[in-house]
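Overview (structure and organization)
So the chains spell out like this:
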Amino acid sequence: MTEMYEVIVVGGGAAGLSAALVLGRARRRTLVVDAGEPRNAPAAHMQGFLTRDGMPPAEFLAVGREEIARYGVELVRDRAVDAVREDGGFAVRLAGGREVRARHLVVATGLEDELPEVPGLAERWGRDVLHCPYCHGWEVRDQAFGVLATTPLSVHQALMVTQWSKDVTFFLHRVAERELSDDDLRRLAAAGVNVVPGAVAGLVVEDDRLTGVRLGDGTVHAREVLFMAPRAVPRTDLLRRLGAELRDTPFGSYPVIDERGLTSVPGLWAAGNASGFAEQVVNAASRGYRAGAAINGELLFADLDAALL
């Protein structure tokens, strides 16, 4: 048998839980499908969320799950593997074999960070190999920073982190210096960033701490922190399957949405990092809240209009 809900939320991160909280409080029968793979799982803490600054991500999500349960929202540990439009709503098939249907569907599946193939990088990810100075800059301030170029756009990251340390080395890695503009080079010089050509061969780790970056020629540059921008891989399979319009960006393809999170497909919503690359936890929660409130309004007025027929 296929179970019927008013709203299914796929993704149990900040965006999905926030949408579910609003919908639960609005007395909507809501199901959250959560595969348990949050993007920020490697991080020991999250920052910049007012009243939750420094809170471990796992604790944040645990509190969120407790809150939605108070309002009767169901949560299932499973993965949504397929979805189709059906009878004016959506039918969602889960990996465990369960099939569920809803009038509205929220995709809050986030994205994955694809790391460069540099030995030792993945093991340090979220510890002293970082990507966001707003998330981690204060905690590592005034240390010796390295920035690993993954594209010519990494210049922006190298310049940004100088707000948190004046000792910054920019490793061009596989980016040729000729790929940088004259403005890039002038700004790097003005910021006091040391530009180092040559591929990075690995990291130097001592006593479970990053102590250096090793180049292909064997040269080691003493560094305590390494920033780099991973390749963002949005989890948008469900959106694609359902025919949502996507837009290409330098950081992946994301759905075209309105200010509430509604995609080009009626009843299909996107929130959090499934809707854009730069959604921090606080932004994702806001996006989820906005989508949840909008969905409740859509359901309410659809039912009122139907009653008038």
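Residues numbered from 1 in each chain as written. Predicted model: local features only at pLDDT ≥ 70, side-chain atom pairs only at ≥ 80, totals over all residues. Heavy atoms only, no water.

Observations concerning a nonpolar patch on the surface
Taken together, the side chains of L300, F301 and L304 make up a nonpolar region of the molecular surface, amounting to roughly 290 Å² of accessible area. Note that L304 resides in helix α8 (residues 281-308). By relative accessible area, L304 is classed as partly exposed at 44%. (Patch = residues over 30% accessible without salt bridge, like charges linked within 9 Å, V, L, I, M, F, W, Y side chains within 5 Å. Areas by Shrake-Rupley, 256 points an atom, 1.4 Å probe, with all protein chains shown as cover. Salt bridge = Lys/Arg side-chain N within 4 Å of Asp/Glu carboxyl O. Helix = DSSP H or I, 4+ residues; strand = E, 2+ residues; numbered from the N terminus. Buried < 20%, exposed > 50% of the residue type's maximum accessible area, 1.4 Å probe, protein only.)

Focus on helix α2 (residues 57-70)
The end-to-end C-alpha separation of α2 is 21 Å, in line with the 20 Å expected for 14 residues at 1.5 Å each. Turning to α2, the residues buried within the fold contact α1 (14-25), β2 (30-34), β3 (74-77) and α8. (Expected span 1.5 Å × (residues − 1). Contact = heavy atoms within 4.5 Å.)

Observations concerning the pattern of salt bridges
Between side chains of opposite charge, a pair can form when the charged atoms approach closely. As enumerated under the stated definition, the model contains 21 salt bridges in all. Residues D82 and R241 are paired through a salt bridge, measuring 3.2 Å at the closest nitrogen-oxygen approach. In this pair, D82 sits in strand β4 (residues 80-86) while R241 sits in helix α7 (residues 237-241), placing the two residues 159 residues apart along the sequence. A salt bridge links D167 to R223; its shortest N-O distance comes to 3.0 Å. Remark: R223 occurs in the loop between β14 (220-222) and β15 (225-228) and D167 occurs in the loop between α5 (154-160) and β10 (168-171); sequence separation between them is 56 residues. We classify D167 as partly exposed; its relative accessible area is 37%.

Focus: the pairing of strand β6 (residues 99-107)
Burial within β6 is extensive, with seven of its nine residues counted as buried. Sheet topology places strand β1 (residues 3-10) next to β6; seven bridges connect them, and they run parallel. Bridge pairing links E3 to V100 in β6. In terms of strand pairing, strand β5 (residues 89-94) meets β6 through four bridges, oriented antiparallel. In the strand pairing of β6, V92 is matched with V100. (Pairing = 2+ DSSP bridges.)

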